[in-house]
Amino acid sequence: MLEYALARLLRMVVTMLVIVTGVFFATRLSGNAVDFIGGEGLSAADRATLVAYYGLDASWLEQYWRYLRALAEGNFGISLVERRPVSTIALERVGPSLQLLVGAVLLTLAVAVPAGTLAAVYRKSWAGSMIMGAAFLGYAIPNFVLAVLLILTLSFWLGWLPSSGNGSLAHFVMPVVALSAFYIASLTRFTRNAMLDVLSQDYLRTARAKGLAEPRVIFKHALRNALITILSVLGLQIAGLAAAGNVVIETIFAWRGIGEMLVSAALRRDYPVLQFGVIAVALAVILINTLVDLAYGAADPRVRLARS
Amino acid sequence: MMTRSLVLALAATSLASLAPLTPALAAELKVGASNMPPYLDPGRDHSNVGSQFYYNSFDTLIEKDHSTAEAKFLPGLATQWNRIDDLTMEFKLRPGVVFHNGEPLTADDVVFSFNRMFQASFPPYAVRSKDRLNNFDVAEKVDDLTVRVRTKKPEPLWETLINMQQLMIVPEDYVKGLTGDPKVAENSDFEAFALAPVGSGPYRIAEFIPGERIVWQRHDAFWGDKAPFERVTVRSIPEMATRITALKNGEVDIITNLPPDQLATVEADPNLKTAGMVTPLFHVLIYNTLNEKMASPKLRQALNHAIDRQTLSEALWQGKAVVPASHTMEPFGALYMPELKTFEYDIEKAKELLAESGYKGEEIRIDTSATYYTNGLLAMQAVAEMWGAIGVKTRINVDDKWTGNDPTMNARNWSNPMYFPDPFGSFGVMWAPGGPSEGEGRFKTDADYAEKWDRFRFSTDVAARRQAYGELMERIKNDPPFLVLYQPYESWGMRKTVDWAPAPGHIPYVLDFRAGSIRVDG
């Protein structure tokens, strides 16, 4: 078990190092930050002065070495644009992003699992078709279109909800819904398929035969077995959300999260911020995968047994 | 069960309670801005984003009547200024002025603020101050309320230059005390100042989150008329549709950067209105005159003649952008010269010149950022079509990277803002011998050009300056390094109860919320 954990940790460190290195050189290959942050109209000498001031005059290898050494001390550097420590900027941004993420995951679970289950159970009635129709729509509509539609109806026309910012509970509704719609739709479909698969199994016939009430058959025996599929899909979804899902939604709703930070850092070649952002997202993805692995164990005793 | 845990989780993570959607009261003004700056330092900043914010918090020695495009100068932090000799101006400072942090404003602060620019050691100041402040030599204290400023050559534009944003006054002790040795101005002090700026204007900056939010509070000890609002909040709402919705909903009272095609949407609402003006800024198309492909003056003349700028204004700006015949605009005052015919649309002439230029069908690359300039990409696409019509091959290269210093650049869009109300404040800065354009290696001046430029810049006689500017424009016409496209029309949306409009006497984009510039009814 210890060996397994160590191997896993080592692989994680190597993965991170590869990612850090890749980002470090890729961002520099794509242009010098000075040309993106007020480099207009500078003579070659003045430009060189600024490049030196921002510490970008050293060779890439030297900069890379300096960066790794700072990283080892837990220092992510100073933003080239805002001139504040990257950690300060990130701290401002992590909270709002996590709020959106948690909201979206909870909403996705709360809607998709019951909806998918119902769609499987009532697969031959109009209720099932309605659910799948809605899921198809949710799957097809891009989140930025949905976001603007929500703003247009709930905010612009009806004036029920604030259009942007993250000051209160009401501010959450539209961004969370817009962010979740795609994931709800896709998880509903996966849940339905997983449930259909399970519902045709022999052990369900057995459960019914021994006289269990139908809700108990569905929720205890069927859903529990479908959970493995649902969890792995959800894990992928959360990883996707953490990695890129928020960028558009955060911009539309002026929600100052990590996604918006990453995009503006990329556009301005704010290397330290961009590097931190990619590391943070990579770590989140790795962490989520590990959590999903653990959740498998909880959902399916066979996984637990196989490991020990 | 699931639903309840969602609500609980959201409630736990949310900071404040449900905000009622009531319109803001007059005690507070709320602004939704499309762009917010990453730092606030009037000396370091020369961007169109930052220029929105300095006037509310900082003062200059010489103030200006901003209600008119004419140059009418007024006492500011200085109550009088007198020429001592050809090179020296003496300023008498207003007594009793206090900075937002409570420190009194004295000659030391003025000397510090000026010399940090005139004799800059901090690289971001050094690279920016030389193109417009390089005639200033030094500022010296005479006594606590008297300062002398010396120039290298006699300066015809004293008031205009002393009034500019880069010469707003900051507190010496506060800046020096921010980091390290409190007696020394280190680079880190200037960096720290840009995140926690302090000035002497009617609003102090109570909160500044870079790129996100500025909160102003009234500075009760302000020396002039008190600010009309207890509090002003500006927050970033980058997405246009969201910004308009926030205004309609009453979440904000004013929004910035309303594109021309959205004016009708806002005006259709009985509670809202718009205000706009032609911005004192030129969108220009620049050429790399040193690039082999672009070397022929006849080719560049042909390209200029081929562009129908009036059509661009009508198609992209609903006819509201102003198409000037030269690099000239009304705020230039005595040097506004609409009679100059530097740029003309003439397709026949264009074809003729192109034939004479020796152009052999080489592909001309047009660089543009996707969104930086309003309508920038669309304008470049139209330009490519217009050049195509006379037989010039083009390729549009969309990239946010600045390519003005790239030797492979052929043509690209740019803007020439008016940094201060004189042609020196736009053309004079951008196209000076050794200035930004020549420094980047895409424009070359000679002795004749430099002589004309010097007469334009330093003649004390207005007629001589006009004469020299005309001669410079003739040079530009015959060997064009650029084409002025138009002055864009910029609009703001607001609640009908808000009485505000952009003032014609400001540099571009200033949000002037000082007393007399804005009123809110009810």
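Residues numbered from 1 in each chain as written. Chains lettered and ligands numbered in written order. Predicted model: local features only at pLDDT ≥ 70, side-chain atom pairs only at ≥ 80, totals over all residues. Heavy atoms only, no water.

## Some details on unusual backbone geometry
Operational definition: Only runs of H or I of at least four residues qualify as helices and only runs of E of at least two qualify as strands under DSSP, and these elements are numbered from the N terminus.
For Ala254 of chain A, which is not a glycine, the phi torsion comes out positive at approximately 45°. Note on placement: Ala254 of chain A falls in the loop between helix 9 (214-252) and helix 10 (258-268). Of note in this structure, Asn375 of chain B is not a glycine but carries a positive phi near 65°. Assignment of secondary structure puts Asn375 of chain B in the loop between strand 14 (363-368) and helix 12 (376-389).

## Topic: the domain arrangement of chain A
All names here are of chain A. Note the following rule: Start and end positions for the domains come from either an automated domain assignment or a database one. Residues count as neighbours in contact if any of their non-hydrogen atoms are within 4.5 Å of one another. Simply put, the buried area is the total loss of 1.4 Å probe accessible area from both parts when two parts are fitted together. The term salt bridge refers to a side-chain nitrogen of Lys or Arg lying within 4 Å of a carboxyl oxygen of Asp or Glu. Here a polar contact means two N or O atoms within 3.5 Å. Within protein one must be a hydrogen donor candidate and the other an acceptor candidate, and residues neighboring in sequence count only if both atoms are side-chain atoms.
In terms of domain boundaries, chain A breaks down into domain 1 (2-72) and domain 2 (94-307). Distance from the C-alpha centre of domain 1 to the C-alpha centre of domain 2: 34 Å. Counting residues at the interface gives 20 residues for domain 1 and 14 residues for domain 2. Summing both partners gives a buried area of about 1500 Å² for domain 1 against domain 2, and 69% of it is carried by carbon and sulfur. Broken down residue by residue, the surface that domain 1 buries against domain 2 is led by Arg8, Met16 and Phe36, which jointly contribute 29%. Counting the contacts that link domain 1 with domain 2 gives zero salt bridges. For the interface between domain 1 and domain 2, the tally reads four residue pairs in polar contact (both at pLDDT 80 or more). Of all elements in the fold, only helix 1 (2-29) and helix 3 (60-72) reach the threshold of two or more residues within the side of domain 1 that touches domain 2.

## Considering the UniProt feature "transmembrane region" (unreviewed entry) in chain A
Residues and elements named next belong to chain A. Which entries qualify depends on this criterion: UniProt positions are given in the numbering used here, feature names are shortened, and annotations may be inferred rather than shown by experiment.
Under the feature "transmembrane region" (unreviewed entry), the UniProt entry names residues 9-27, 100-122, 134-157, 169-187, 226-253 and 273-299. Secondary structure within residues 169-187 divides into 100% helix and 0% strand; the distance between the first and last C-alpha atoms comes to 25 Å. Annotated as 100% helix and 0% strand, the span residues 273-299 places its first and last C-alpha atoms 38 Å apart.

## Observations regarding the interface of chain B and chain A
Listed as interface residues are 52 residues of chain B and, on the opposing side, 45 residues of chain A. Summing both sides of the interface, chain B and chain A together bury roughly 4300 Å²; the carbon and sulfur share of this comes to 61%. Inspection of the region where chain B meets chain A yields four salt bridges. Here Glu191 of chain B makes a salt bridge to Arg83 of chain A, at a shortest N to O gap of 2.9 Å. Where chain B meets chain A, there are 17 residue pairs in polar contact (both at pLDDT 80 or more).

## As for the UniProt feature "domain: Solute-binding protein family" (unreviewed entry) in chain B
The positions UniProt marks with the feature "domain: Solute-binding protein family" (unreviewed entry) are residues 73-423 of chain B. With 28% helix and 25% strand, the stretch residues 73-423 of chain B has end C-alpha atoms that lie 17 Å from each other.

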